[in-house]
Amino acid sequence: MFNLVLFGPPGSGKGTQSENIVTTYNLQHISTGDLLRDEVSRHTPLGTEAKKYMDQGMLVPDEVVIGMISGKIDDAPDARGFVFDGFPRTRPQAEALDKLLEFKQTKIHLVLALEVPEPELVKRLVGRGVTSGRSDDTEDVIAKRIKEYHSKTQPVANYYNEQGKLEHVTGDHTIADTFKTLSKHINKYLLPVT
Ligand code: AP5
Ligand code: MG
């Protein structure tokens with residue numbers, strides 16, 4: 001099994017690059033943002049609770065997100081591996097993920113951190129907001145998401161750096177060029193299937 005965390009601020013390209021990675025390497029994609037938006041659109045109790053935080057650009061409480069992830073890992077017992085996109089976002093989430101994977105006798109192998117300058121992040125997200133329908137793609141909420149990233153999520157990079165798993169990747173080149181760089185790192189662990 002090969003498990004990858006795709007790390008980076010809002011708008012850095014985690015979702016975009018995950019799509020390419022899961023197809024090229026036949027991995028399962030787990031995006032907590034997508035899972036939460038699905039709960040919101042189905043008006044589940046979890047979704048109703050999560051929406052209060054998401055609309056303000058704040059992180060959803062750890063226990064909500066961790067509970068959701070556990071089930072998703074169990075849903076794919078024969079997976080070649082997982083790409084975690086937008087998770088873990090806090091140290092308690094990272095520790096919980098390590099425990100879940102240990103229970104499955106596996107681990108996180110690699111963490112690729114996309115780096116994009118802040119003005120470019122804002123430009124991309126405001127641009128996406130025109131068509132995405134995402135309630136958090138407005139300029140004021142984007143600013144809050146970026147602030148939340150710096151205060152709560154960026155420290156998670158240190159957690160993985162201490163374990164020797166963190167690699168930084170420049171994320172403001174074209175989508176194709178960024179994918180090439182990510183692939184060079186992944187190829188050290190796993191060969192493409194396509
Ligand atoms: P989430 O859905 O994870 O959003 P995010 O991290 O804020 O980031 P985005 O999904 O907006 O950006 P991305 O990095 O995926 O970039 P993308 O590929 O889309 O989280 C949303 C909310 O849910 C959070 O605020 C929180 O409330 C909650 N949540 C989720 N996970 C949580 C967790 N674990 N714990 C607690 N709360 C959680 O690209 C962005 C745009 O840029 C697109 O338009 C794309 O086409 C474009 N683009 C991508 N790459 C390039 C490129 N190279 N050049 C030009 N444009 C590009
Ligand atoms: Mg995303």
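Structural notes, computed from the coordinates. In every chain, residue numbers begin from 1 and rise along the written sequence. Chains carry letters and ligands carry numbers; both start at the beginning, A for chains and 1 for ligands, and go up in the order they are written. The predicted origin of the model limits local features to residues at a pLDDT of at least 70 and limits the giving and counting of side-chain atom pairs to 80 or more, whereas totals for whole chains, interfaces and linings rest on all residues. Hydrogens and water molecules were not included; the side-chain quantities draw on all heavy atoms of the structure.

What follows is about the packing of aromatic side chains. Classification of ring pairs rests on two measures: the distance between centres of Phe, Tyr or Trp rings, Trp counted by its six-membered ring, which must be within 6.5 Å, and the angle between planes, read as stacked under 30 degrees, edge-to-face over 60 and tilted in between. By the definition in use, this model includes five aromatic pairs. Arranged with centres 6.1 Å apart and planes meeting at 50°, the rings of Phe7 and Tyr149 form a pair that is tilted. Linking Phe7 in strand E1 (residues 2-7) with Tyr149 in helix H7 (residues 139-162), this pair joins segments that are 142 residues apart in sequence. Take Phe7 and Tyr149: they sit in the same class, and that class is buried. Helix numbers and strand numbers start at the N terminus; a helix is a DSSP run of H or I with at least 4 residues, a strand a run of E with at least 2. Accessible area is worked out with a 1.4 Å probe on protein chains only. A residue is then buried under 20% of its type maximum, exposed over 50%, and partly exposed in between.

Looking now at the packing of helix H5 (residues 91-103) against H7. Interhelical geometry of H5 versus H7 gives an angle of 40° and a closest axis separation of 9 Å. Accordingly, the angle class assigned to the pair H5 and H7 is oblique. From H5, Arg91, Ala94, Glu95, Leu97 and Asp98 reach across to H7, where they touch Val156, Tyr159, Tyr160 and Glu162. A per-class count over the contact of H5 with H7 returns five nonpolar, no polar and four charged. Whenever a helix is involved, its axis is fitted only over the stretch in contact; in every case the axis is a line through C-alpha atoms, and angles between N-to-C directions fall within 0 to 180 degrees. Throughout this description, any angle smaller than 35 degrees is read as roughly parallel, any larger than 145 degrees as roughly antiparallel, any in the 65 to 115 degree range as roughly perpendicular, and the remainder as oblique. Here a residue-residue contact requires only that any non-hydrogen atoms of the pair lie within 4.5 Å. Following the grouping adopted for this structure description, the nonpolar residues are Ala, Val, Leu, Ile, Met, Phe, Trp, Tyr, Cys and Pro, the charged ones are Asp, Glu, Lys and Arg, and the polar ones are all others, Gly among them.

For the rest of this paragraph, the subject is the pairing of E1. With six of six residues buried, E1 is to be regarded as a mostly interior element. Residues Phe2, Leu4 and Leu6 line one face of E1 and the alternating positions Asn3, Val5 and Phe7 line the opposite face, and both faces are buried. Relative to strand E3 (residues 81-85), E1 is paired through five bridges, and the arrangement is parallel. Bridging from a neighbouring strand, Asn3 pairs with Phe82 of E3. Any two strands between which DSSP finds at least two bridges are classified as paired. Across four bridges, E1 lies against strand E4 (residues 110-115) in parallel orientation. Along E4, the bridge assignment pairs Phe7 with Ala113.

Another aspect to go through is the site of ligand 1. The full set close to ligand 1 counts 31 residues, and Thr16, Met58, Arg89, Arg128 and Arg145 are the nearest of them. Residue Gly13 places a main-chain N or O atom 3.1 Å away from an oxygen atom belonging to ligand 1. Interatomic distance of 2.6 Å between a side-chain N/O atom of Arg128 and an oxygen atom of ligand 1. The Shrake-Rupley method, run with a 1.4 Å probe sphere, supplies the accessible areas, and residue values consider only the shown protein chains as cover. Taking 1,000 Å² as the accessible area of ligand 1 by itself, protein coverage stands at 87%. Judged by its atoms lying within 2 Å of the grid points, ligand 1 is housed in the largest pocket. We define proximity as follows: a residue is near a molecule or strand when any one of its heavy atoms falls within 4 Å of that partner. Two N or O atoms form a polar contact when they lie within 3.5 Å of each other; inside protein one atom must be a possible hydrogen donor and the other a possible acceptor, and for residues adjacent in sequence the pair counts only when both atoms belong to side chains. Detection works on a 1 Å grid of protein atoms alone, calling trapped sets that fit a 1.4 Å probe cavities and calling open sets with protein on both sides within 12 Å along at least five of seven lines pockets, with lining residues defined by an atom within 4 Å of a point. By definition, a pocket or cavity contains a molecule when more than half of the molecule's atoms lie within 2 Å of the pocket's grid points.

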